[in-house]
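What the coordinates show
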Amino acid sequence: MYDLLGGIRVVEAASFVAGPLCGLYLLQLGAEVIRLDPIGGGPDRHRWPLAPTGESLYWQGLNKGKKSVAIDLSRPEGRELAAELITAPGPNTGLFVTNYPPDGFLSHARLASRRADLISVRVMGWNDGQTAVDYTVNAAVGVPYMTGPSSLGDLPVNHVLPAWDLTTGAYAAFALLAAERRRRDGGIGQEVRIPLSDMAIATLANLGNVAEVLAGEDRPRMGNDLFGAFGRDFATSDGHRLMIVAITSRQWSGLLAVLGLEAQVGALEMEIGASFKHDEGLRFRHRDRLFPLVEAAVSRRTASELSSAFDGAGVCWAPYRTLKEAITEDGRLCTENPIFSTIAHQGSLRYPTPGAAASFMGAERIGPGGAPHLGEHTDEILANVLGLSSGQIGGLHDKGIVAGAEVALPRAS
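None of these values were measured; they are calculated from a predicted model.

Rules behind the numbers
- Residue positions are counted from 1 within each chain, in the order its sequence is given.
- Reporting in this predicted model follows two pLDDT cut-offs: at least 70 for local features of residues, and 80 or more for side-chain atom pairs to be given and counted; totals over whole chains, interfaces and linings ignore these cut-offs and use all residues.
- As a convention, hydrogens and water are excluded, and side-chain values are obtained from all of the structure's heavy atoms.
- Relative accessibility decides the category of a residue: with a 1.4 Å probe and only protein chains considered, values under 20% of the type maximum give buried, values over 50% give exposed, and everything between is partly exposed.
- Helix numbers and strand numbers start at the N terminus; a helix is a DSSP run of H or I with at least 4 residues, a strand a run of E with at least 2.
- A pair of strands is considered paired only if DSSP assigns at least 2 bridges between the two.
- Orient the strands so they point away from the viewer; a crossover is then right-handed if the path from the first strand over the helix to the second runs clockwise.
- By convention in these notes, a salt bridge is any Lys or Arg side-chain nitrogen within 4 Å of a carboxyl oxygen on Asp or Glu.
- What makes a nonpolar core is a set of buried Ala, Val, Leu, Ile, Met, Phe, Trp, Tyr and Cys residues whose side-chain atoms join them at distances within 4.5 Å.
- We call two residues in contact when some of their heavy atoms are within 4.5 Å.
- Every axis corresponds to a line fitted to the C-alpha atoms, with the helix fit spanning only the stretch in contact, and the corresponding angles, defined between N-to-C directions, vary from 0 to 180 degrees.
- Note on terminology: angles under 35 degrees are roughly parallel, angles over 145 are roughly antiparallel, angles of 65 to 115 are roughly perpendicular, and the others are oblique.
- Here a crossing is called left-handed whenever its near helix is offset anticlockwise from the far helix by less than a right angle, and right-handed whenever the offset is clockwise.
- For this scheme, ten residues count as nonpolar: Ala, Val, Leu, Ile, Met, Phe, Trp, Tyr, Cys and Pro. Four count as charged, namely Asp, Glu, Lys and Arg, and the remainder, Gly too, count as polar.
- We call Phe, Tyr and Trp rings a pair once their centres come within 6.5 Å, taking the six-membered ring for Trp, and we label the pair stacked below 30 degrees between planes, edge-to-face above 60, and tilted otherwise.
- Helix span, expected: 1.5 Å multiplied by one less than the number of residues in the helix.

**So, the pairing of strand β2 (residues 32–38)**
Burial analysis of β2 places five of its seven residues in the buried class, which makes it a mostly covered element. Bridging between strand β1 (residues 9–13) and β2 involves four bridges; their strand directions are parallel. When the sheet's bridge partners are listed, Glu 12 is paired in β2 with Arg 35. In the classification by handedness, the crossover that spans β1, the intervening helix α1 (residues 18–28) and the parallel β2 is right-handed. Taken together, the five bridges between β2 and strand β3 (residues 67–71) define a ladder with parallel strand orientation. Paired with Arg 35 across the strands is Ser 68, a residue of β3. Of the crossover connections in this fold, the one passing from β2 over helix α2 (residues 57–63) to the parallel β3 is right-handed.

As structure tokens, then:
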């Protein structure tokens, strides 16, 4: 974490990935982020993966360092309290992140009637309001038919990484800061809507995919082949698999030198009347001739032999590993990485926890905090933000409109 956005307060009413990720990124750069949690938790409160104690590691990861106010949002009094917190006065407040529907009690129009310069950043599924999650958007834009080996035919392959959630969460944080700068310069508030569907199709267009298919056909499946350049997985003599990529001329020359393939590749170049060194597209076009050469050369060497040779020659490569192998075997990723700190979380668990992924050189990095218990900061926020007295806060507790810290109990398996 870094204290770069100190003084900014963001109120978050969001579940699942994109909205909470937006709040997390802002927090990691110094913003105070206050979650409005339904009493008992939102729909993602117990989402897998779970710790042995029953706590959601997913929820902890996305909400670490935030403050939690637990409110009964199904009752008019609770909704009024939420609106007061979102629109509380102050020069660096009135910033709201949500994935609630655009109409309803948390609509921008309703909230802006209380504070005209309010900035609302709303994550949506489709731009017409239809509900969606990453996996349904991914299916709708065609990516599962570009993923996987050609032997699957017409069977789609879902991607394990929720790419549109991740890009939307990051884009939402960027958009909120852009809107906040505009407000700072001109005093203007606004609603910013960021649908997953728009993020997905815009990203594919930015990568040239939309123009590609409009000018021709859908991209066929290619398994592990890297589209447009040289790249694929290859097996070593001791049973390891390496991902080897050669995009630049230096990477290509280094690969040929390590594997002793200059003469064989030179003969192929003479045959086809072209040079592979400066044209990655040619390497891709003739991959069916090049792959067997590299495959045979790699299969005669061990992974450890190739590792040092590849590094010395500037070859771009990586071993295939499980996540557990990655975090225990490569200190660069976790154990020796300064973005991580080992801290205690709910359920008495201690594990490496990341702060900001960016490193601001010369600025002090602050260690990350753990995720809050539901309602852990209810009284603090009601008193400090809304100025309620202890008697008023006690009355809200008595009526069940708000709740204090809830220590989650293990859930049945």
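**As for the pattern of salt bridges**
Under the defined criterion, the tally for this structure stands at 20 salt bridges. For Arg 115, the salt bridge identified is with Asp 117, shortest N-O distance 2.5 Å. Classification of Arg 115 as buried rests on a relative accessible area of 9%. Residue Glu 305 is joined to Arg 301 by a salt bridge in which the shortest nitrogen-to-oxygen separation is 4.0 Å. Among the residues examined, Arg 301 registers a relative accessible area of 24% and is labelled partly exposed. Each of Arg 9, Glu 32, Lys 67 and Glu 380 takes part in one network of salt bridges that share partners.

**With respect to the nonpolar core**
Core analysis: the largest hydrophobic core is formed by 30 residues, its most contacted members being Val 10, Leu 26, Val 121 and Ile 194. At the level of secondary structure, the elements contributing two or more residues to this core comprise α1, β4 (95–98), β5 (119–124), α6 (163–186), β6 (190–195) and α7 (196–206). The greatest single-element share of this core, amounting to six residues, is contributed by α6. Excluding residues within four positions of it along the chain, Ile 194 makes contact with Val 121, Arg 122, Val 123, Met 124, Thr 168, Tyr 171, Ala 172, Ala 175 and Met 199. Counting 27 residues, the second-largest nonpolar core is a separate cluster that includes Leu 81, Phe 105, Leu 106 and Leu 118.

**With respect to the packing of α1 against α6**
Viewed as axis vectors pointing N to C, α1 and α6 meet at an angle of 50°, and their least axial separation amounts to 8 Å. The pairing of α1 with α6 is recorded here as oblique in orientation. Judged by the twist between their axes, the crossing of α1 over α6 is right-handed. For the pair α1 and α6, contact is made by Ala 18, Leu 21, Cys 22, Tyr 25 and Leu 26 and by Asp 165, Leu 166, Thr 168, Gly 169, Ala 170, Ala 172, Ala 173, Leu 176 and Leu 177, respectively. Residues belonging to the contact of α1 with α6 are distributed by class as follows: eleven nonpolar, two polar and one charged.

**Focus on the packing of aromatic side chains**
A full pass over the atoms with the stated rule returns ten aromatic pairs. Ring centres 5.3 Å apart and planes at 65° place the aromatic pair Phe 227 and Phe 284 in the edge-to-face group. Here Phe 284 lies in helix α11 (residues 280–285) and Phe 227 lies in the loop between α8 (209–215) and β7 (230–235), a separation of 57 residues in the sequence. Pairing Trp 252 with Phe 276 gives two aromatic rings, centres 6.2 Å apart and planes at 75°, and the pair type is edge-to-face.

**So, α6**
Here α6 is 24 residues long and its end C-alpha atoms lie 34 Å apart, about the 34 Å a rise of 1.5 Å per residue gives. Of all the residues in α6, the buried ones are Trp 164, Asp 165, Thr 168, Gly 169, Ala 172, Ala 173, Ala 175, Leu 176, Ala 179, Glu 180 and Arg 183. Of the surrounding secondary structure, the elements contacted by the buried residues of α6 are α1, β4, β5, α5 (134–141), β6 and α7. The first or second residue beyond α6 is Gly 187, which carries a positive phi of 70°.

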